[in-house]
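Report on the structure
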Amino acid sequence: MEQIIESLHKLGLTRYEAKAYIGLTNLIEAQANDIAEASEIPRSKIYNTLKELNKKGFVTITKTRPIEYKVVSPKNIVNKKKKELMREIDESEEKLEEIFNNQISEVQAPIWLIKTSDNIINKEIEIIKRARKSLNIRIGFLLEGEGEALIKAFNTIPRNIPIRILASPYCYIDQKRIDIIEMFENAGLENLEIIKADIPFVKIIIRDEKELFKTIVKFTGKEKSVLEETAVGVLNQYSDICKNFDERFVNQFNRIKQHKKSMN
């Protein structure tokens with residue numbers, strides 16, 4: 001019982017609300033006094049408790065007289081609350097990561113700036129070809145010809161090196177839509193796994209926990225089309241920062257992957 005109460009508490013219920021929901025689950029449909037007795041909740045507390053449970057979607061209230069309360073299926077409500085919780089966690093992580101990314105530039109580290117899209121793509125290819133353990137990539141946008149260049153570079157590294165990508169489904173270059181996920185899926189690389197995610201307008205490549213290359217760019221228009229001439233790449237070889245970003249990436253990748261599996 002205590003374990004169930006604790007689990008319901010994590011889904012947003014107070015102790016009284018959890019006990020009332022468990023009590024009503026045994027009754028299915030009942031009046032307030034019967035629920036109070038089954039839940040061992042003071043009658044002075046039961047009406048407000050049931051009112052809050054109704055607001056949170058755990059019970060429904062009939063229009064009969066006297067009023068009766070009907071339990072919402074545990075499977076339906078718990079799955080709904082789990083999805084809401086996961087969405088809140090994902091949103092919080094993205095916001096925290098944005099804050100972290102904005103502040104990380106204040107840390108003293110071996111850092112180099114790379115300008116022009118051609119130089120940025122060439123540097124990405126160099127990094128990819130140095131991979132010996134893993135490549136973890138966030139893709140919020142692509143530069144002109146960059147997708148094809150990355151795929152060509154992926155084909156040069158051993159097939160036992162996993163390539164994990166979190167990506168926006170598409171972006172625009174000169175008002176032309178580029179289907180990012182479709183492009184990489186069609187590459188046919190058995191060691192490449194790409195998952196759709198809400199990625200900010202940024203691109204990050206992490207190699208072997210040793211190198212991190214981040215590209216930012218400005219956008220224009222309703223479609224937020226990439227302005228390639230504004231692209232700036234930042235190469236970071238500070239080991240602690242690279243490991244930190246890599247761990248955060250893997251955790252997010254696995255969590256999104258597991259969440260998508262549970263939805264199927």
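Side note on the overall build of the protein
Tallying secondary structure elements over the protein gives 9 helices and 12 strands in all. For the protein, the C-alpha radius of gyration of 25 Å lies well beyond 18 Å, the compact-globule estimate for 264 residues. Each of the three principal axes of the protein carries a C-alpha extent, and together these read 75 × 40 × 35 Å. Taking all 264 residues of the protein together, the buried fraction comes to 42%. Here the analysis covers contacts within the protein between residues at least 6 apart in sequence; of these, 69% occur between residues at least 24 apart. Looking at charge distribution, the protein has the averaged site of its 44 positive side-chain charges lying 3 Å from that of its 40 negative ones.

Description of the packing of aromatic side chains
Inspection of the entire model under this criterion finds 6 aromatic pairs. Relative to Phe219, the ring of Phe141 has its centre 5.7 Å away and its plane inclined at 85 degrees; by these criteria the two rings are edge-to-face. Of this pair, Phe141 sits in the loop between β5 (135-139) and α7 (146-154) while Phe219 sits in strand β11 (residues 211-220), and the two are 78 residues apart along the sequence. One aromatic cluster is present, built from ring pairs that chain together Phe141, Phe201 and Phe219. When the ring centre of Tyr170 is taken as reference, the NZ or CZ atom of Arg177 above it lies at 3.9 Å.

Re helix α3 (residues 32-39)
Structurally, the α-helix is built with 3.6 residues per turn, so residues lying three or four positions apart point the same way. Of the residues making up α3, those classed as buried are Ala32, Ile35, Ala36 and Ser39. The buried residues of α3 occupy one face: seen down the axis, they fall within an arc of 100 degrees. Structurally, α3 contributes buried residues whose contacts are with α2 (15-27), β1 (29-30), α4 (43-55) and β3 (69-71). With its phi angle positive at about 60 degrees, Glu40 sits one or two positions after the end of α3.

Comments concerning the sheet that holds strand β2 (residues 59-61)
Sheet architecture is open: 3 strands sit in the order β1-β3-β2, paired in antiparallel fashion. Each edge of the open sheet carries a strand with a single partner, namely β1 and β2. With respect to the sheet, α2 is in contact with β1, β2 and β3, its orientation differing from that of β3 by roughly 90 degrees.

A look at the nonpolar core
Ranked by internal contacts, the top residues of the largest apolar core, which has 38 residues, are Phe154, Ile165 and Phe184. Within the second largest apolar cluster, 22 residues are counted, among which are Ile5, Leu13, Leu53 and Val72.

Things to note about the environment of Lys83
Mapping Lys83 onto the fold places it in helix α5 (residues 74-104). Once the C-alpha coordinates of Lys83 and Ile163 are considered, the two residues, 80 residues apart in sequence, prove to be 28 Å apart.

Looking at the packing of helix α1 (residues 2-10) against α2
One can describe the packing of α1 onto α2 by two numbers: an axis separation of 9 Å at closest approach and a directional angle of 120 degrees. Here α2 runs oblique to α1, going by the angle between their axes. For the crossing formed where α1 meets α2, the hand is right-handed. Of α2, the residues touching α1 (which contributes Glu2, Ile4, Ile5 and Leu8) are Arg15, Ala18, Lys19, Tyr21 and Ile22. Classifying every residue of the contact of α1 with α2 by side-chain character gives 6 nonpolar, no polar and 3 charged.

Re the environment of Ile178
Relative to the assigned elements, Ile178 resides in strand β8 (residues 176-179). Sequence spacing of Ile178 and Gly147 is 31 residues, and the spatial spacing of their C-alpha atoms is 9.2 Å. The residues touching Ile178, leaving out its near neighbours within four places in the chain, are Leu142, Pro169, Tyr170, Cys171, Ile173 and Met183.

Each value, and the rule that gives it
- Note that residues are indexed from 1 along each chain, following the sequence as it is written.
- Only residues with pLDDT of at least 70 get local features here, since the model is predicted, and only at 80 or more are side-chain atom pairs given and counted; chain-wide, interface and lining totals rely on the full set of residues.
- Hydrogens and water molecules were not included; the side-chain quantities draw on all heavy atoms of the structure.
- For the purposes of this entry, the term helix denotes a DSSP run of H or I that reaches at least four residues, the term strand denotes a run of E that reaches at least two, and both are numbered from the N terminus.
- Atoms counted for the radius of gyration: C-alpha only. Globule rule: 2.2 Å times the number of residues to the power 0.38.
- For the exposure calls, accessible area comes from a 1.4 Å probe over protein chains only, and a residue counts as buried if that area is under 20% of its type's maximum, exposed if over 50%, partly exposed in between.
- We call two residues in contact when some of their heavy atoms are within 4.5 Å.
- Here Asp and Glu are counted as negative and Lys and Arg as positive; His is not counted, and neither are the chain ends.
- We put the charge of a Lys on NZ, of an Arg on CZ, of an Asp on CG and of a Glu on CD.
- Any pair of Phe, Tyr and Trp rings, taking the six-membered ring for Trp, is counted once the centres come within 6.5 Å. Such a pair is stacked with planes under 30 degrees apart, edge-to-face with planes over 60 apart, and tilted for the rest.
- Placement of a charge over a ring requires the Lys NZ or Arg CZ to be within 6 Å of the ring centre, with the centre-to-atom vector within 35 degrees of the ring normal.
- Relevant arc is that of directions from the helix axis to the C-beta atoms, nothing else.
- Two strands qualify as a pair provided that DSSP identifies no fewer than 2 bridges between them.
- As a rule, the C-alpha atoms of each element are fitted with a line to give its axis, helices using only the stretch in contact, and angles between N-to-C directions run from 0 to 180 degrees.
- Here, the term nonpolar core denotes a set of buried Ala, Val, Leu, Ile, Met, Phe, Trp, Tyr and Cys residues that are joined through side-chain atoms within 4.5 Å.
- Should an angle lie under 35 degrees it is considered roughly parallel, over 145 roughly antiparallel, and from 65 to 115 roughly perpendicular; all remaining angles are considered oblique.
- Handedness of a crossing follows from how the near helix is turned relative to the far one, being left-handed for an anticlockwise turn of less than a right angle and right-handed for a clockwise one.
- For this classification, the nonpolar set comprises Ala, Val, Leu, Ile, Met, Phe, Trp, Tyr, Cys and Pro, the charged set comprises Asp, Glu, Lys and Arg, and every other residue, Gly included, is treated as polar.

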